[in-house]
Amino acid sequence: QVQLVESGGDLVQNGGSLRLSCAASGSISWINSMAWYRQAPGKQRELVAIITIGGATNYADSVKGRFTISRDNVRNTVHLQMNSLKPEDTAVYYCNVNLFSGVFWGQGTQVTVSA
């Protein structure tokens, strides 16, 4: 019923920028929050940034000041602007949508930052 389509993952150099996008479609009844998670090899998935229905945002300490999450309520799309990327940001990034009907995940998009 709910589909999440992610885009924007790529290979960039240290200090570069990327913009991830995630578009939600299908039975979107009510979006409580949209978020980006990431998972590096050998590590658990961690929350990177989250934005609530009212627009409040929270960030992991490791990305605060470098990443910005935003949401387009009309298009049901969430973006993650990533600046000053570091090699430790290398991970698979997953879009997450918290709906009244449940929680849904995107397929993930690879972000690789070379030194």
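Residues numbered from 1 in each chain as written. Predicted model: local features only at pLDDT ≥ 70, side-chain atom pairs only at ≥ 80, totals over all residues. Heavy atoms only, no water.

### Notes on the nonpolar core
Formed by 28 residues in total, the largest nonpolar core has its most connected members in Trp36, Val48, Phe67, Val78, Leu80, Met82 and Tyr93. Those elements that provide at least two residues to this core are strand E1 (2–7), strand E3 (18–26), strand E4 (31–39), strand E5 (46–52), strand E7 (67–72), strand E8 (77–82), strand E9 (91–99) and strand E11 (109–114). Broken down by element, this core gets its largest block of residues, 5 residues, from E9. (Core = buried A, V, L, I, M, F, W, Y, C linked by side-chain atoms within 4.5 Å. Buried < 20%, exposed > 50% of the residue type's maximum accessible area, 1.4 Å probe, protein only. Helix = DSSP H or I, 4+ residues; strand = E, 2+ residues; numbered from the N terminus.)

### Looking at unusual backbone geometry
Here the phi dihedral of Asn76 falls at roughly 50 degrees; this positive angle occurs in a residue that is not glycine. Here Asn76 lies in the loop between E7 and E8. Even without a glycine there, the phi angle at Ser84 is positive, about 50 degrees.

### Some points on the state of the cysteines
Note: disulfide means a covalent bond formed between the sulfur atoms of two cysteine side chains. Tallied over the full model, the rule gives 1 disulfide. Each sulfur in the disulfide pair Cys22 and Cys95 lies 2.1 Å from the other. Residues Cys22 and Cys95 are joined through a disulfide that is left-handed, its torsion about the S-S bond being -85 degrees. Note that Cys22 is positioned in strand E3 and Cys95 in strand E9, a separation of 73 residues in sequence. (Disulfide = S-S within 2.5 Å.)

### So, the packing of aromatic side chains
As enumerated under the stated definition, the model contains 1 aromatic pair in all. The ring of Trp105 has Arg45 sitting right over it, with the charged end atom 4.7 Å from the ring centre. (Phe/Tyr/Trp six-rings, centres within 6.5 Å; stacked < 30°, edge-to-face > 60°. Lys NZ or Arg CZ within 6 Å of the ring centre and 35° of its normal.)

### Looking at the side chain of His79
Checked against the element boundaries, His79 lands in strand E8. In this structure the side chain of His79 is engaged in a polar contact, spanning 2.8 Å, whose partner is the side chain of Ser21. For His79, the residues in contact, after removing those within four places along its chain, are Arg19, Leu20, Ser21, Trp36, Thr68, Ile69 and Ser70. (Polar contact = N/O pair within 3.5 Å; in protein donor to acceptor, adjacent residues only side chain to side chain. Contact = heavy atoms within 4.5 Å.)

### Overview of the pattern of salt bridges
Inspection of the entire model under this criterion finds 4 salt bridges. The residue Asp89 makes a salt bridge to Arg66 at a minimum N-O spacing of 2.8 Å. Note that Asp89 is positioned in the loop between E8 and E9 and Arg66 in the loop between strand E6 (57–59) and E7, a separation of 23 residues in sequence. Classification of Asp89 as buried rests on a relative accessible area of 1%. A salt bridge links Asp72 to Arg75; its shortest N-O distance comes to 2.7 Å. Through salt bridges that share partners, Arg38, Glu46, Arg66 and Asp89 make up one connected network. (Salt bridge = Lys/Arg side-chain N within 4 Å of Asp/Glu carboxyl O.)

### Section: the sheet that holds E8
Taken together, the 4 strands give an open sheet; going across it, the order is E1-E3-E8-E7, and neighbouring strands pair in antiparallel fashion. With one partner strand each, in any of the chains shown, E1 and E7 form the two edges of the open sheet. Geometrically, the sheet is characterised by an average inter-axis angle of 15 degrees between neighbouring strands, direction not taken into account. Bridging between E3 and E8 involves 6 bridges; their strand directions are antiparallel. Note on E8: the bridge partner recorded for Ala23 is Thr77. (Pairing = 2+ DSSP bridges. Axes fitted to C-alpha atoms, helices over the stretch in contact; angles between N-to-C directions.)

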